[in-house]
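Structural characterization, general
In case you want the letters, here they are:
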Amino acid sequence: MTDKLEDVRPMFELRGRNYIVTGGAQGIGFAATRAICEMGGNVAVLDIQSKPVEDFATLSSKYGSKTVYIQTDVTKQDSLNSSFDKALEALGTIDGCVPAAGIAIDKPFVDQTWEEFTRIQEINVRGTFFIVQLVAKQMIKQGSKGSIVMIASQSSHIGLPGYRMAAYNASKGGILMLSKALAVELAKHNIRVNTISPGFVDSDMTRNVRASKSKREGDQMWLAPPLQQLSTQNDLTAAIVYLLSDGSRHTTAADIQITGGLHAGTIDGVISHED
Ligand SMILES: NC(=O)c1ccc[n+]([C@@H]2O[C@H](COP(=O)([O-])OP(=O)(O)OC[C@H]3O[C@@H](n4cnc5c(N)ncnc54)[C@H](O)[C@@H]3O)[C@@H](O)[C@H]2O)c1
């Protein structure tokens with residue numbers, strides 16, 4: 001006799017579910033937003049920019065999703081709280097969150113300033129902490145299950161070959177541990193908390209870093225991962241959908257490393273930097 005087995009495809013459905021994505025005006029946050037809509041979900045994007053990429057406007061007609069864009073500075077308590085209220089008003093209920101707003105810095109540790117360090121922690125750590133708190137409070141109030149997918153990084157695990165990102169490493173290490181602590185604490189409310197840890201992903205963030213470096217240093221982004229490619233935003237979206245969906249209903253406190261194998265090591269990478 002076989003155990004009762006369920007179809008897998010419906011487990012990935014996000015139809016009718018409502019999500020908040022921070023940092024969704026562009027890049028990985030927008031890729032997550034588009035993927036959620038494709039799977040039937042509705043999304044409120046909170047981002048500091050005055051408007052999102054043009055494709056944002058096509059999501060509701062293309063996928064029949066409800067989308068709302070709310071300009072928000074995740075470092076400002078009033079801005080975050082009032083944007084959350086607007087998102088809840090637009091969506092009605094909340095089923096999860098992808099806090100993707102983040103910034104990075106590549107600079108020798110001894111040169112990183114008080115202001116640079118503080119800005120990174122305010123956006124990457126505090127901004128994530130408090131949007132997730134607002135979302136969790138709401139889901140507990142609703143008495144409904146939920147899923148939070150935080151964006152950690154390879155920088156949560158290792159010093160990236162050729163890069164010096166101490167303040168960013170500290171922030172993303174914080175995100176990885178925050179997700180574990182919340183996974184344990186919120187489990188009794190049926191709220192799951194997981195992370196993805198991308199390696200080098202093509203986005204404005206990495207394009208800006210590469211623009212400030214020599215070609216040799218920049219090339220490490222695709223030479224170092226064993227698969228020898230720079231990740232694209234599309235390499236991350238299926239994992240985000242999986243972790244938000246019922247497909248991962250028994251998965252919490254997990255981290256999916258999407259690095260082209262870099263987290264396991266490197267053979268051909270040019271491990272050097274120019275001072
Ligand atoms: N690109 C990579 O290689 C990579 C790798 C691992 C993790 N990540 C993480 O993925 C996330 C998204 O990064 P990305 O590569 O898409 O970068 P990105 O610069 O393209 O996008 C970051 C977004 O965050 C928004 N943002 C910045 N400050 C904000 C603030 N104060 N309030 C609200 N929104 C703010 C920006 O406007 C932007 O839309 C970040 O958390 C980043 O640390 C990126």
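Residues numbered from 1 in each chain as written. Predicted model: local features only at pLDDT ≥ 70, side-chain atom pairs only at ≥ 80, totals over all residues. Heavy atoms only, no water.

If you check an unreviewed UniProt entry, the chain appears there as NAD(P)-binding protein from Aureobasidium pullulans. UniProt annotates the chain under Sequence similarities (unreviewed entry) with the comment "Belongs to the short-chain dehydrogenases/reductases (SDR) family." (UniProt positions renumbered as here; feature names shortened; annotations may be inferred.)

The next thing to look at is the site of the ligand. Residues in contact with the ligand amount to 30 residues; listed here are only the nearest, Gln-26, Asp-47, Tyr-168, Val-201 and Ser-203. With respect to the ligand, the backbone of Ile-28 contributes an N or O atom lying 2.8 Å from an oxygen atom. Residue Val-74 places a main-chain N or O atom 3.0 Å away from a nitrogen atom belonging to the ligand. Notes on the ligand: free accessible area 830 Å², of which the protein chains cover 94%. Every element with two or more residues in the shell around the ligand is listed here: α1 (27–38), α4 (114–142), α5 (166–186) and α6 (204–211). No other element matches α6, which puts three residues into the shell around the ligand. For the shell around the ligand, the residue count by class is 14 nonpolar, eleven polar and five charged. (Near = heavy atom within 4 Å. Polar contact = N/O pair within 3.5 Å; in protein donor to acceptor, adjacent residues only side chain to side chain. Areas by Shrake-Rupley, 256 points an atom, 1.4 Å probe, with all protein chains shown as cover. Helix = DSSP H or I, 4+ residues; strand = E, 2+ residues; numbered from the N terminus. Nonpolar A, V, L, I, M, F, W, Y, C, P; charged D, E, K, R; others polar.)

Let us now look at unusual backbone geometry. Positioned with a positive phi, Asn-190 is a non-glycine residue whose angle comes to about 65 degrees. You can see Asn-190 is positioned in the loop between α5 and β6 (191–198). Its identity is not glycine, yet Ala-253 carries a phi of approximately 65 degrees, on the positive side. Structurally, the position occupied by Ala-253 is in the loop between α9 (234–244) and β7 (255–258). The exposure class of Ala-253 is partly exposed, given its relative accessible area of 36%. (Buried < 20%, exposed > 50% of the residue type's maximum accessible area, 1.4 Å probe, protein only.)

Glancing now at the environment of Lys-62. Among the structural elements, Lys-62 can be located in helix α2 (residues 59–63). When the C-alpha positions of Lys-62 and Cys-37 are compared, they lie 8.8 Å apart, and in sequence the two are 25 residues distant.

Spanning 15 residues, helix α3 (residues 77–91) covers 21 Å between terminal C-alpha atoms, matching the ideal 21 Å at 1.5 Å per step. Three or more residues of α3 are buried, namely Ser-79, Leu-80, Ser-83, Phe-84, Ala-87, Leu-88, Ala-90 and Leu-91. Taken end-on, α3 shows its buried residues confined to a sector of 160 degrees, consistent with a single buried face. Those residues of α3 that are exposed and angled more than 90 degrees off the buried face are Gln-77, Asp-78 and Glu-89. The inward-facing, buried residues of α3 abut β1 (18–22), β2 (42–47), β3 (67–71) and α4. Two residues or fewer past α3, Gly-92 is found with a positive phi of approximately 90 degrees. (Expected span 1.5 Å × (residues − 1). Arc of directions from axis to C-beta. Contact = heavy atoms within 4.5 Å.)

On to α1, then. Compared with the 16 Å implied by 1.5 Å per residue over twelve residues, the 17 Å span of α1 between its first and last C-alpha is a close match. Most of α1 sits inside the fold, with ten of its twelve residues counted as buried. Turning to α1, its buried residues are Gly-27, Ile-28, Gly-29, Phe-30, Ala-31, Ala-32, Thr-33, Ala-35, Ile-36 and Cys-37. At its buried positions, α1 is contacted by β1, β2, α2, β3, β4 (96–99) and α9. A positive phi of about 100 degrees marks Gly-40, the residue just after α1.

Take the side chain of Ser-153 next. Checked against the element boundaries, Ser-153 lands in the loop between β5 (146–151) and α5. Within polar-contact distance, the side chain of Ser-153 engages the backbone nitrogen of Ser-155 at 2.8 Å. Non-local contacts of Ser-153, meaning those with residues more than four positions away in its chain, are made with Tyr-168, Lys-172, Ile-196, Ser-197 and Pro-198.

Right, let's get into the pairing of β1. Within a regular strand, the side chains alternate between the two sheet faces. Counting buried positions over the five residues of β1 gives five, a clear majority of the element. Along β1, one buried face is formed by Asn-18, Ile-20 and Thr-22 and the opposite face, lined by Tyr-19 and Val-21, is buried too. Pairing of β1 with β2 involves five bridges; the strand directions are parallel. Bridge pairing in β2 links Val-21 to Val-45. Considered for its hand, the β-α-β crossover made up of β1, α1 and β2 is right-handed. (Pairing = 2+ DSSP bridges. Right-handed = clockwise from strand over helix to strand, strands pointing away.)

With that settled, consider the packing of α1 against α9. Axis separation between α1 and α9 bottoms out at 9 Å; the angle between their running directions is 60 degrees. Between α1 and α9, the angle is such that the two are oblique. Crossing angle aside, the handedness with which α1 passes α9 is right-handed. Here Ile-28, Ala-31, Ala-32, Ala-35 and Ile-36 of α1 lie close against α9, whose contacting residues are Leu-236, Thr-237, Ile-240, Val-241 and Leu-244. Residues of the contact of α1 with α9, tallied by class, amount to nine nonpolar, one polar and no charged. (Axes fitted to C-alpha atoms, helices over the stretch in contact; angles between N-to-C directions. Parallel < 35°, antiparallel > 145°, perpendicular 65-115°, else oblique. Left-handed = near helix turned anticlockwise from the far one by under 90°.)

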